Amino acid sequence: MCPVGTQSIWTIWKSSTRLADGREIVYFDEEPGLGRDQVADTRPLPPRMPGPQPPHGRPEWGIRWDRLAGEWVVIAAARQDRTFLPPADQCPLDPSAPGRLTEIPADNYDVVVFENRFPSLAEPLGRCEVVCFTPDHDSSFAALSPRRVRTVLEAWIDRTQALGALPETRQVYCFENRGEEIGVTLHHPHGQIYAFPFVAPKLAQMMTQAREYAAGNDGANLFDDMVAAELAAGSRIVTRNEHWVVFVPEAARWPYEVRIFPLVRVPDLPALDEAARDSFGPLYLDVLRRFDALFGQPAPYIAAWHQAPVRDAEARGRFAAHLQVLSVRRAANKLKYLAGTESGMGVWINDIVPEEAALRLREAT
């Protein structure tokens, strides 16, 4: 077991071991010496799912190039058999208990990360991991303490570094899906981390925009100027503190959508300084609670960390890491669906004026 992150009141202890089928599991504990990594996984698991070279030559795994879109598409047909909305007493993300063994062998945990049993990407193409934020099955990210959010943040940072060091990785993507409306198949509070073997389309487009902006504006940084403009205008700011700002984008695509930027530009999560790490939790919890308060019910959302490509010095010098939170709920009993213009042509139509969305989020308590 070893401490990770910055040495402060938020020290986290990391330990790792292997599950019965060889997948890695990593515990991030808020106290030392708990010995969770000493608990063996005794389940009779079948061999882990095959990588991109499937048995019998079946094309169930891999990535394919869409020549019309100029984008990679992941093929992962074997995921059809993954666990789907199990009863609460059969949740695979709860701690193990006598007579009930789960994906987490220990009988308790603070934050734990493990390789997905049903991954979209498998080595040597990439890697998919699951992040459990709390052992409490009935909780949510918004119900975590600031201390626990800091532990989650350090887990994201640690895994960004570890997965970014894999030779095939081009981008590390940390995210959370919440709510059946989003497509969640496990209700336990959790997120995921993908190590992509390519730069995802959204990140690639942002990098293109940043390069073109710099070329046309004497080398200015697109992200710096955008954040400065939002701070100056103020109408779309939801909240902020000394180190972070939260705003609704001027051209928001989703009914309720925010971007959360550190005020000091960094390429990725590991580059955040201690002050930014300390101040993130209270602000982010405030944001999630505002989303839940909008319609007096848990908000279905996607929380997506945008980080610079790995091993790309030019991109890392220009990019600004940030968190996007978006909800598909547009009214108490209405959802935003991607219909003909969005899915067919990529032209988004938003039913909520961004300035109005920001006002409603500011007033939500």
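Peer 1: Help me out: how do you make sense of the overall build of the protein chain in this one?
Peer 2: Each helix and strand counted, the protein chain has seven helices and 16 strands in total. Computed over its C-alpha atoms, the radius of gyration of the protein chain comes to 21 Å, within 12% of the 21 Å expected for a compact globule of 365 residues. C-alpha atoms of the protein chain, sized along the principal axes, occupy 60 × 50 × 45 Å. Put simply, the protein chain has 365 residues, and 52% of those count as buried. Within the protein chain, contacts between residues at least 6 apart in sequence are counted, and of these 63% link residues at least 24 apart.

Peer 1: Quick question: what am I supposed to make of the nonpolar core here?
Peer 2: Burial of nonpolar side chains together is a common tendency in soluble globular proteins. One finds Phe141, Trp156, Val258, Ile260, Phe280, Tyr284 and Val325 to be the most contacted residues of the largest nonpolar core, which totals 55 residues. The element that contributes the greatest number of residues to this core is helix α4 (residues 274–293), accounting for eight residues.

Peer 1: Just to check I follow, could you spell out the side chain of glutamine 324 for this structure?
Peer 2: Among the structural elements, glutamine 324 can be located in strand β14 (residues 322–327). Take glutamine 324: its relative accessible area is 8%, and that puts it in the buried class. Within the local environment of glutamine 324, its side chain forms a polar contact with the side chain of glutamate 257, the two groups lying 2.9 Å apart. Here the side chain of glutamine 324 touches histidine 306 through a polar contact of 3.0 Å, side chain to side chain.

Peer 1: Would you mind going over the pairing of strand β10 (residues 237–240) with me for this structure?
Peer 2: Regular strands show a simple pattern: their side chains alternate between the two faces of the sheet. Pairing geometry for β10 and strand β11 (residues 244–247), over three bridges, is antiparallel. Note on β11: the bridge partner recorded for arginine 240 is valine 245. Between β10 and β11, which pair antiparallel one after the other, the connecting turn spans three residues.

Peer 1: Sorry, what's going on with the sheet that holds strand β8 (residues 171–178) here?
Peer 2: Strand pairing within a sheet occurs via backbone hydrogen bonds; the two strands may be parallel or antiparallel. Reading across from one edge, β1-β2-β3-β6-β7-β9-β8-β13-β14-β12-β11-β10 is the order of the twelve strands in this open sheet, with antiparallel pairing throughout. Of all strands in the sheet, those bounded by a partner on one side alone are β1 (2–4) and β10. The sheet shows a mean angle of 20° between the axes of neighbouring strands, direction not considered. In this structure, strand β7 (residues 127–132) lies alongside strand β9 (residues 190–196), joined through six bridges in antiparallel fashion.

Peer 1: Would you mind showing me how to read the side chain of threonine 185 here?
Peer 2: Mapped onto the elements of the fold, threonine 185 is located in the loop between β8 and β9. The exposure class of threonine 185 is buried, given its relative accessible area of 17%. The contact partners of threonine 185, leaving out residues within four places of it in the chain, are Thr83, Phe84, Leu85 and Pro86.

Peer 1: I tried to follow helix α7 (residues 354–363) on my own but got confused; where do I start?
Peer 2: Note: α-helices contain 3.6 residues per turn, so residues at a spacing of three or four share the same orientation. Along α7, the residues that are buried comprise Pro354, Ala357, Ala358 and Leu361. End-on view of α7: buried residues confined to an arc of 100°, all on one side of the axis. In this structure, the buried residues of α7 make contact with β10, β12 (256–262) and α4.

Parameters at a glance
- Residues numbered from 1 in each chain as written.
- Predicted model: local features only at pLDDT ≥ 70, side-chain atom pairs only at ≥ 80, totals over all residues.
- Heavy atoms only, no water.
- Helix = DSSP H or I, 4+ residues; strand = E, 2+ residues; numbered from the N terminus.
- Rg over C-alpha atoms; globule rule 2.2 N^0.38 Å.
- Buried < 20%, exposed > 50% of the residue type's maximum accessible area, 1.4 Å probe, protein only.
- Contact = heavy atoms within 4.5 Å.
- Core = buried A, V, L, I, M, F, W, Y, C linked by side-chain atoms within 4.5 Å.
- Polar contact = N/O pair within 3.5 Å; in protein donor to acceptor, adjacent residues only side chain to side chain.
- Pairing = 2+ DSSP bridges.
- Axes fitted to C-alpha atoms, helices over the stretch in contact; angles between N-to-C directions.
- Arc of directions from axis to C-beta.

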